[in-house]
Amino acid sequence: MLSRLSFFLALTAGELGVHALAAPPIAARGSSPKYPYDPNTTKYCSYWIDNVGAATKCTDIPTNWEITLEDFLRWNPILAPDCTNFEVQKSYCVETTDEPAPTTSSGSSTPTQPSNGITTPQPIQPGMVDNCDAFYFVPKDSSCQGIATANGITLQQFLTWNPLVGDTCSGLWANAYVCISIIGSEPSTVPTATPTPTPTNPGNGITTPLPTQPDIVDNCDKFYFVNTNESCDIVASKNGITTAQLQAWNKAVGATCSGLWANAYACVSIVGHEPATTTTTTKPTTTTGNGITTPTPTQSGMVSNCRKFHFVQPNQTCAVIAKLYSISEANFISWNPAVGGAACGGLWANTYACVGL
């Protein structure tokens, strides 16, 4: 291939100091990649390049190797449509052998037209099935499970209809359309993330506000509106419950809290739930020289001029508490020095910490 010969000549010239022919920081590796590569890369790959320097422009590669951008993206499905996630010290496919002719489902520039008359929007995930009849535009930082839950399908259905996202979801593109239904499919029993059209009314007479988190329990009797950037730990702490309880009552948030929706209501209590009891109302208090009554027990070594306090819940961290009160973690540690610095290893649960002077 002429472009490959030119490429090697450029590399050789660069090594000899001929600056006019200096090559970009990419090393061609032939049929064996040097660096890790996406497991969803085409199995027909016969030639690889290794990205060894950040100066390399992903969008220049198709021209350098006399291939189309469409082919380059299809062979390397981990790359975004705008090629912005081209990583240093990763290998990418630039040539294939015996590859079957691509179909319109692999990223054709012309929208597909299924037999049900629904036009496929663009851009789409590579490798999408060709009988899709409903689509979802993937926002940044979405997960496969989150998309499946939000659209009332199972994770397995989502992976089957969008096979190149991969079992670990590493090939999911942001800012592109995925398939969330195919011709003839029946809606699954997975609860959708769309708010229910009619508010629920548990036996205790409390009406469910909308919108709610997807897959909320049906016996909830208290709700909390989740603000942007709030975590499961913060929501649980503000409502006097454990993170495990929050996850149990709002199942779709997941074990890592990746499914927690902002600007939607979460369940923070269920019918029959008794709030955790603390001894804060019966504990003696002390009054300092600033006229503020200090609740007890307190963190060891807390400053004596504190004017605002927080009762530390089990599993809370210094960072979580600082965020709750919009203070810096450094201030929190300086007002409660016994917590042990940035590691926060000395923070006591079920005691009061200083959060304001």
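Residues numbered from 1 in each chain as written. Predicted model: local features only at pLDDT ≥ 70, side-chain atom pairs only at ≥ 80, totals over all residues. Heavy atoms only, no water.

## Examining the overall build of the protein
Argument step 1. The secondary structure content of the protein amounts to nine helices and 11 strands.
Argument step 2. Looking at the protein residue by residue over its 357 residues, the buried ones come to 41%.
Argument step 3. Within the protein, contacts between residues at least 6 apart in sequence are counted, and of these 61% link residues at least 24 apart.
Argument step 4. Accessible surface for the protein amounts to roughly 18,300 Å². Of this, 54% is attributable to carbon and sulfur atoms. (Helix = DSSP H or I, 4+ residues; strand = E, 2+ residues; numbered from the N terminus. Buried < 20%, exposed > 50% of the residue type's maximum accessible area, 1.4 Å probe, protein only. Contact = heavy atoms within 4.5 Å. Areas by Shrake-Rupley, 256 points an atom, 1.4 Å probe, with all protein chains shown as cover.)

## Here we look at unusual backbone geometry
With the exception of glycine, the majority of residues adopt a negative phi angle, and the majority of peptide bonds are in the trans configuration.
Argument step 1. Geometrically, the link from Gln122 to Pro123 is a cis peptide bond, its omega value of -5° lying close to zero.
Argument step 2. Looking at the secondary structure, you find Pro123 in the loop between β3 (91-96) and β4 (132-137).
Argument step 3. Put simply, Thr296 and Pro297 share a cis peptide bond, and its omega is 0°.
Argument step 4. Inspection of the secondary structure assignment puts Pro297 in the loop between β9 (293-294) and β10 (308-311).
Argument step 5. A positive phi angle, near 60°, is found at Asp98, a position not held by glycine.
Argument step 6. Take Asp98: it is sitting in the loop between β3 and β4.
Argument step 7. Judged by relative accessible area, Asp98 falls into the exposed class, the value being 69%.
Argument step 8. For Asp215, which is not glycine, the phi torsion reads 60° and is therefore positive.
Argument step 9. Positionally, Asp215 belongs in the loop between β5 (177-182) and β6 (220-225).

## Describing the pattern of salt bridges
Argument step 1. Considering all chains together, one arrives at four salt bridges under this definition.
Argument step 2. In this structure, the salt-bridge partner of Arg74 is Glu99, at a minimum N-O distance of 3.2 Å. With Arg74 in helix α3 (residues 69-75) and Glu99 in the loop between β3 and β4, this residue pair connects regions lying 25 residues apart in the sequence.
Argument step 3. Residue class for Glu99 comes out partly exposed when judged on its relative accessible area of 25%.
Argument step 4. The salt bridge involving Glu230 is made with Lys238; its shortest N-O contact spans 2.7 Å.
Argument step 5. The exposure class assigned to Glu230 is buried, which follows from its relative accessible area of 13%.
Argument step 6. According to the relative accessible area criterion, Lys238 is partly exposed, its value standing at 44%.
Argument step 7. Salt bridges sharing partners connect three or more residues here, namely Asp71, Arg74 and Glu99. (Salt bridge = Lys/Arg side-chain N within 4 Å of Asp/Glu carboxyl O.)

## Looking at the environment of Ala343
Argument step 1. Locating Ala343 in the fold gives a position in the loop between α9 (329-335) and β11 (352-356).
Argument step 2. The exposure class assigned to Ala343 is exposed, which follows from its relative accessible area of 71%.
Argument step 3. Through-space distance from the C-alpha of Ala343 to that of Cys318 is 8.6 Å; in sequence the pair is 25 residues apart.

## Here's the deal with the state of the cysteines
Argument step 1. By the definition in use, this model includes seven disulfides.
Argument step 2. With a sulfur-sulfur separation of 2.3 Å, Cys45 is cross-linked through a disulfide to Cys93. Where Cys45 bonds to Cys93 through sulfur, the torsion about that S-S bond is close to 110°, and the disulfide is right-handed. A residue pair is termed long-range when its members are at least 10 positions apart, and Cys45 in strand β2 (residues 45-51) and Cys93 in strand β3 qualify at 48 residues. Each member of the pair, Cys45 together with Cys93, is buried.
Argument step 3. The disulfide partner of Cys132 is Cys179, and the S-S distance across this bridge is 2.2 Å. Handedness of the Cys132-Cys179 disulfide follows from its S-S torsion of about 110°: it is right-handed. In this pair, Cys132 sits in strand β4 while Cys179 sits in strand β5, placing the two residues 47 residues apart along the sequence. The two residues Cys132 and Cys179 agree in class, both being buried. (Disulfide = S-S within 2.5 Å.)

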